[in-house]
Amino acid sequence: MKSFFLTLWEDIKHFFGHFKVYLKWLALALVLGAVLGVISAGFYYALQYAGTYREAYPWLIWLLPVAGLVIAALYYFFDKKPQTEENKGTNMVLAAVNSNEDIPFRMLPLIFVSSAISHLFGASVGREGAALQMGASLGSTVSRWLKFNENDHKILIMTGMSAAFAAIFGSPLTAAVFSMEVISVGVMYYAALVPCVVSALTAIYVARLLGVQYAVYKLGAIPDLVPLNAGKVMLLGILCAVLSIVICYTLILTERGMQHIFDNPFVKIFVAGTTVALLTLLVGNQDYNGLGTAVILRAAAGNAVWYAFLLKLLFTAVSLAGGYRGGEIVPSLFMGATFGCFAASFLGLPPSMGAALGMIAVFCGVTNSPIASFIMGLELFGGQGMWMFGLVVAVSYMLSGYYGLYKSQLILYSKYRSVYVHRKAHR
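Quick notes on the rules
- Residues numbered from 1 in each chain as written.
- Predicted model: local features only at pLDDT ≥ 70, side-chain atom pairs only at ≥ 80, totals over all residues.
- Heavy atoms only, no water.
- Helix = DSSP H or I, 4+ residues; strand = E, 2+ residues; numbered from the N terminus.
- Rg over C-alpha atoms; globule rule 2.2 N^0.38 Å.
- Buried < 20%, exposed > 50% of the residue type's maximum accessible area, 1.4 Å probe, protein only.
- Areas by Shrake-Rupley, 256 points an atom, 1.4 Å probe, with all protein chains shown as cover.
- Lys, Arg positive; Asp, Glu negative; His and termini not counted.
- Charge placed at Lys NZ, Arg CZ, Asp CG, Glu CD.
- Salt bridge = Lys/Arg side-chain N within 4 Å of Asp/Glu carboxyl O.
- Contact = heavy atoms within 4.5 Å.
- 1 Å grid on protein atoms, 1.4 Å probe; cavity = no way out; pocket = protein on both sides within 12 Å on 5 of 7 lines; lining within 4 Å.
- Points joined across faces, edges and corners; volume = space filled by probe spheres on them.
- Nonpolar A, V, L, I, M, F, W, Y, C, P; charged D, E, K, R; others polar.
- Pairing = 2+ DSSP bridges.
- Patch = residues over 30% accessible without salt bridge, like charges linked within 9 Å, V, L, I, M, F, W, Y side chains within 5 Å.

## Looking at the overall build of the protein chain
If you tally the helices and strands in the protein chain, you get 16 helices and three strands. In terms of C-alpha radius of gyration, the protein chain reaches 22 Å, essentially the compact-globule figure of 22 Å for 427 residues. Each principal axis of the C-alpha distribution contributes one length, and for the protein chain these read about 85 × 60 × 45 Å. Per-residue burial for the protein chain yields a buried fraction of 56% across its 427 residues. Summed over its atoms, the accessible surface of the protein chain is roughly 17600 Å², and 69% of this surface lies on carbon and sulfur atoms. Of the side-chain charges in the protein chain, 27 are positive and 18 negative, and the distance between the mean point of each set is 1 Å.

## A look at unusual backbone geometry
Of all residues except glycine, most have a negative phi; of all peptide bonds, most are trans. Of note in this structure, Lys147 is not a glycine but carries a positive phi near 55°. Mapped onto the elements, Lys147 comes out in the loop between helix H5 (128-146) and helix H6 (150-169). In this structure Lys147 comes out as exposed when scored by relative accessible area, which is 71%. The residue His422 is not glycine, and still its phi comes out positive at about 45°.

## Here we look at the pattern of salt bridges
Per the stated rule, a full pass over the model turns up four salt bridges. Close ionic contact of Asp102 with Arg144 constitutes a salt bridge, the shortest N to O distance being 4.0 Å. Taken together, the residues Asp102 in the loop between helix H3 (89-99) and helix H4 (107-121) and Arg144 in helix H5 connect sequence positions 42 residues apart. Among the residues examined, Asp102 registers a relative accessible area of 42% and is labelled partly exposed. Overall, the relative accessible area of 33% leaves Arg144 in the partly exposed class. With a closest N to O distance of 3.1 Å, Arg127 and Glu128 form a salt bridge.

## Details of H3
Among the 11 residues in H3, eight count as buried, and that is most of the element. Contacts made by the buried residues of H3 are with H4, H5 and H6. Of the residues flanking the end of H3, it is Asn100, one or two places downstream, whose phi is positive at about 60°.

## Observations regarding the layout of surface pockets
Computed from the structure, the largest pocket encloses a volume of approximately 620 Å³. Taken together, 23 residues make up the lining of the largest pocket; nearest its centre are Glu55, Leu291, Gly292, Thr293 and Ala294. Within the residue set of the lining of the largest pocket, elements represented by two or more residues are helix H1 (2-56) and helix H11 (293-300). Residue contributions to the lining of the largest pocket peak at seven residues, all from H1. Classifying every residue of the lining of the largest pocket gives nine nonpolar, 10 polar and four charged.

## Focus on the side chain of Thr202
Turning to its location among the elements, Thr202 is positioned in helix H8 (residues 193-209). Leaving out residues up to four positions away in the same chain, Thr202 has contacts with Leu30, Gly33 and Ala34.

## Quick word on the sheet that holds strand S3 (residues 420-424)
The strand order across the open sheet formed by three strands is S1-S2-S3, and the pairing between neighbours is mixed. On the outer flanks of this sheet lie strand S1 (184-185) and S3, each paired with one strand and no other. Pairing analysis gives three bridges linking strand S2 (residues 410-413) to S3, with the strands arranged antiparallel. In the sheet register, Leu410 faces S3, and the bridge partner there is Lys424.

## Description of the pairing of S2
The pairing of S1 with S2 spans two bridges and is classified as parallel. From the neighbouring strand, Ser184 faces S2, where its bridge partner is Leu410.

## Some remarks on a nonpolar patch on the surface
Judged by side-chain polarity, Tyr49, Tyr53, Tyr57, Trp59, Trp62, Leu63, Val66, Phe270, Leu278 and Leu281 come together as a nonpolar surface patch covering roughly 1000 Å² of accessible area. Of all the secondary-structure elements, those providing two or more residues to the nonpolar patch are H1 and helix H10 (265-283). Looking at the nonpolar patch element by element, the count peaks at three residues for H10. Turning to its location among the elements, Leu278 is positioned in helix H10.

Dropping the structure here:
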């Protein structure tokens, strides 16, 4: 009997010890979520203004090379590290988490300002990558102030990533799971679950209070779960896996090629900006500049030209390789949506459903984040297509191999066998 009460007392002490940890992360998540909700709302309005202003004054695209020089100067004077594959953009965040390095606070204003400039003048870049960098920078800074140990440092960086991603993208659970999942494929940092979820929900709540609005997607008819439809969805997953590999290959080959030809970052970004401006002139519109949200919405409604994903890949590869800032995630969603809409026409799937499946399948393929991708499908398109979301994500995840947008992403467990592989993603 005495041993029973001793065990009970130990369990009670453990519970209150765990509850103390819970309160610590709850408080930090609420604070980070609120602060990043405000910052992300400001970022949202900056990009919205940039896109609206560029549409009103299309001639701004011809100033893109000059804007590129400004961005290169900002990083040259305020970020002393040379811009290599390892320490550039979101890849730098993953590298810092895996090696327990600090992410300097200066990265937050740098990526904020440079992304706004990139969007204002028409570079083909995203925004979620910038959000991840802002959130990680603030999380790392707070961790440094509080003198956290290595393990808590990682959790606080992921907490910041979740908050900023959620506030910008509008899918809080996707943001929370993505931040825990993308760093090490095959292993989830479940210790970060409470702070990541709470910070994401807090950030999106604050952003909505400040008037931030998110895209609304509506699907048409949902195919029944029958073998024929399942086969069509699997085939689309295979095609999206191939597209994911093509995207990753194209981005890295373009980056390495431009780095080899133009060692000077000022010359490189000027040439890239000039190339994007000339491409825009040849295309005759600005559908492939900036975020391309309008094209994504059209694809989700069932309307997309077959070559849209190829042009977006070209515009994005040149923009990112040149040094323009913003990220790769939204361009990947653009390519997935337009390709899925096009592929649905010969697969016999509803075009809007093809766009939805293409978005999440390509997102999964380039980030190696199947759970976050599945949740994205539910948050963006609702639960009626759940079986298709799960199937297309599973196929794309497996067949996209060990490729990814981020060179510092660790593949800890094999996609094909139950074995530990511990390797970096191909880039």
